[in-house]
Amino acid sequence: MFFVDTLEFEGLGNRSYLAGGPSAAVVIDPPRDIDQVIAAAARRRVRIAYVAETHVHNDYVTGGLELARVTGAQYLVPAGAHVAFARTPVADGDTVTVDDGLVLRAIATPGHTPHHTSYALAEEGRGVAAFTGGSLLIGTVGRPDLVEPRLTERLARAQHASAHRLADELDDEVQVLPTHGFGSFCSSSQAEGDATTIGKERKTNDALTLDVDTFVAQMLDGLDDVPAYYAHMGPANAAGPAPVDLTPPGRADADEIALRLAAGEWVVDLRSRMAFAGGHVAGSFNFEGEGKLATYLAWLIPWGKPVTLLADTPEQIADAQRELARVGIDRPDAAATGDPAGWIREGEQLASFPRARFADLADVRERGDDDVVVLDVRRGSERAGGFIHGSVHIPIHELHGRTGEVPEGTVWVHCAGGMRAAIAASLLDAAGRDVVAVDDGFDAATEAGLTLTRGEGTG
């Protein structure tokens, strides 16, 4: 019997897969930190015979090259991908035998990238699974605009054709196992549900239910901003990523933290937004370790800027270091843990700012406080669905370079749930602004009696 183990990476919104038989397996789209893939194979007591990439990834650094080197596996990479390392190029229709009776077939599915390739797994000639990477996702497809703007519409049409090819060639009961679609910005929209089959997608996926012109128009109209760090992922993967180094960073004391801040480096506090608001090193930024740390820190930080991590425990530092390595932030320059009082020099005080709900914002607006500025840091697509009347709009990923555009006054900053508002509040606090972090779900704005507007807004 074949098996498929899913390795889930919630911080990036992606999945990798280990699939095989009694003695050998293939790994699809592995993460940068390959130790957990090797551990999964060890639990199954199988040899990793093949490592396969569906495409040159734009949203994370792959561990495929290193995993193949360490295990001696053949490294399968689409033949059309321009890479600078030795690999086994695979073209449409190529097959490899993973284990007795278990065959993996390459299917050209351009769209997410021009060279994108899916892999169909068959047991004794019967299709059982399709590893679709950034092609056919759960209820959607991978976005086509990450390669080159001039190719976007052409790739969108190719996505439609590729989805139809998979649906035409594979039986209804075949599992669809994508890499993207679980929060990754590589997806043209977010997946609904956790599992699917070709048959389910045939009935519900827009790429399979809409004509190509309607599908392309709708998809292109709904594309959101691309995280800035994506520009660095493709080149890193094409060049061949170096092995990851997860040894602990050096310890920073209060003096070193102060010196790094004075040098313009980033000091990132991984604690909860509640703890950060209650007391933090002045000038530090809050990116919760439990949130989408890699996505938002890599998106906002100037690429290559040294980073020092602060957290409650060494384990939290280690988790963050692993997460950041997946997006090319390879080594924190320093770290500190424990009581925040130990992160500041003698005679200094921890900074803080208040947290609030939308009901509190409604109260201060009702009182007519003149110095209240409402800052919405959601993406434009979210704001189009409704925003607080009179609010200023600067998406979170633009705020670091636009803090000077925020009007004078006390800034009440909000997002859709609180995480991004906490990041924004820390950026504004570090810039010397009076800030209140609204830690609330956006649905509560209406319940609180705040007036919502639809369409284009301020900022």
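Above this text sits the structure in question.
The following paragraphs examine the structure supplied in this document. These figures come from a predicted structure and were not determined experimentally. (Residues numbered from 1 in each chain as written. Predicted model: local features only at pLDDT ≥ 70, side-chain atom pairs only at ≥ 80, totals over all residues. Heavy atoms only, no water.)

1. Digging into the packing of aromatic side chains
Next, step 1: Considering all chains together, one arrives at nine aromatic pairs under this definition.
Next, step 2: A centroid spacing of 4.6 Å and a plane angle of 70° characterise the contact between Trp266 and Phe285, whose relative ring orientation is edge-to-face. Of this pair, Trp266 sits in strand β12 (residues 266–269) while Phe285 sits in strand β13 (residues 285–286), and the two are 19 residues apart along the sequence.
Next, step 3: On the basis of relative accessible area, Trp266 is assigned to the buried category, the value being 3%.
Next, step 4: On the basis of relative accessibility, which here comes to 8%, the residue Phe285 falls in the buried class.
Next, step 5: Taken together through their ring pairs, the aromatic side chains of Phe185, Tyr296 and Trp299 make up a single cluster.
Next, step 6: Above the face of the Phe442 ring, Arg378 is positioned so that its terminal group lies 4.0 Å from the ring centre.
Next, step 7: For the cation-ring pair, Arg383 lies above Phe387, with the distance from its terminal atom to the ring centre recorded as 3.9 Å. (Phe/Tyr/Trp six-rings, centres within 6.5 Å; stacked < 30°, edge-to-face > 60°. Helix = DSSP H or I, 4+ residues; strand = E, 2+ residues; numbered from the N terminus. Buried < 20%, exposed > 50% of the residue type's maximum accessible area, 1.4 Å probe, protein only. Lys NZ or Arg CZ within 6 Å of the ring centre and 35° of its normal.)

2. Looking at the sheet that holds strand β1 (residues 3–9)
Next, step 1: Judged by pairing direction, the sheet is mixed, and its six strands sit side by side in the order β1-β2-β3-β4-β5-β6 without closing on themselves. Here the strands that pair on one side only, and so sit at the sheet edges, are β1 and β6 (88–90). Strand-to-strand twist of the sheet, defined as the mean angle between neighbouring strand axes without regard to direction, takes the value 25°.
Next, step 2: Both strand β5 (residues 74–78) and β6 contribute to a ladder of three bridges, which runs parallel. When the bridges of β6 are listed, Val77 appears paired with Pro89.
Next, step 3: Docked against the sheet, helix α1 (residues 35–44) engages β1, β2 (14–20), β3 (24–28) and β4 (47–52), running at close to 150° with respect to β1. (Pairing = 2+ DSSP bridges. Axes fitted to C-alpha atoms, helices over the stretch in contact; angles between N-to-C directions. Contact = heavy atoms within 4.5 Å.)

3. Quick look at the environment of Ala334
Next, step 1: Within the fold, Ala334 resides in strand β15 (residues 334–337).
Next, step 2: Overall, the relative accessible area of 1% leaves Ala334 in the buried class.
Next, step 3: Between the alpha carbons of Ala334 and Pro248 there is a distance of 8.8 Å; along the sequence they are 86 residues apart.
Next, step 4: Setting aside residues no more than four positions away along its own chain, Ala334 makes contact with Pro249, Gly250, Ala252, Glu256, Arg260, Val307, Thr308 and Leu309.

4. Description of the nonpolar core
Next, step 1: Core analysis: the biggest nonpolar cluster contains 53 residues, and Trp266, Phe287, Leu297, Leu375 and Leu399 have the highest contact counts within it.
Next, step 2: In terms of residue count, the dominant contributor to this core is helix α10 (residues 293–300) (seven residues).
Next, step 3: When near neighbours in sequence (up to four residues on either side) are disregarded, Phe287 contacts Trp266, Val268, Asp269, Leu270, Leu293, Tyr296, Leu297, Leu300 and Ile423. (Core = buried A, V, L, I, M, F, W, Y, C linked by side-chain atoms within 4.5 Å.)

5. Notes on the pairing of β3
Next, step 1: In terms of burial, β3 is largely enclosed, as five of its five residues are buried.
Next, step 2: Going residue by residue along β3, you find Ala24, Val26 and Ile28 tucked away on one face and Ala25 and Val27 tucked away on the opposite face as well.
Next, step 3: Here four bridges tie β2 to β3, and the two strands are oriented antiparallel to one another. Bridged to Gly20 within β3 is Ala25.

6. Describing the sheet that holds strand β20 (residues 410–414)
Next, step 1: What the five strands build is an open sheet, ordered β16-β21-β20-β17-β19; its pairing is parallel. For this open sheet the edge positions go to β16 (355–356) and β19 (392–393), each flanked by a neighbour on one side alone.
Next, step 2: Pairing of β16 with strand β21 (residues 435–438), which is carried by two bridges, proceeds in the parallel orientation. Looking at the pairing, Arg355 lines up with Ala437 of β21.

Just geometry here; none of it tells us what the structure is for.
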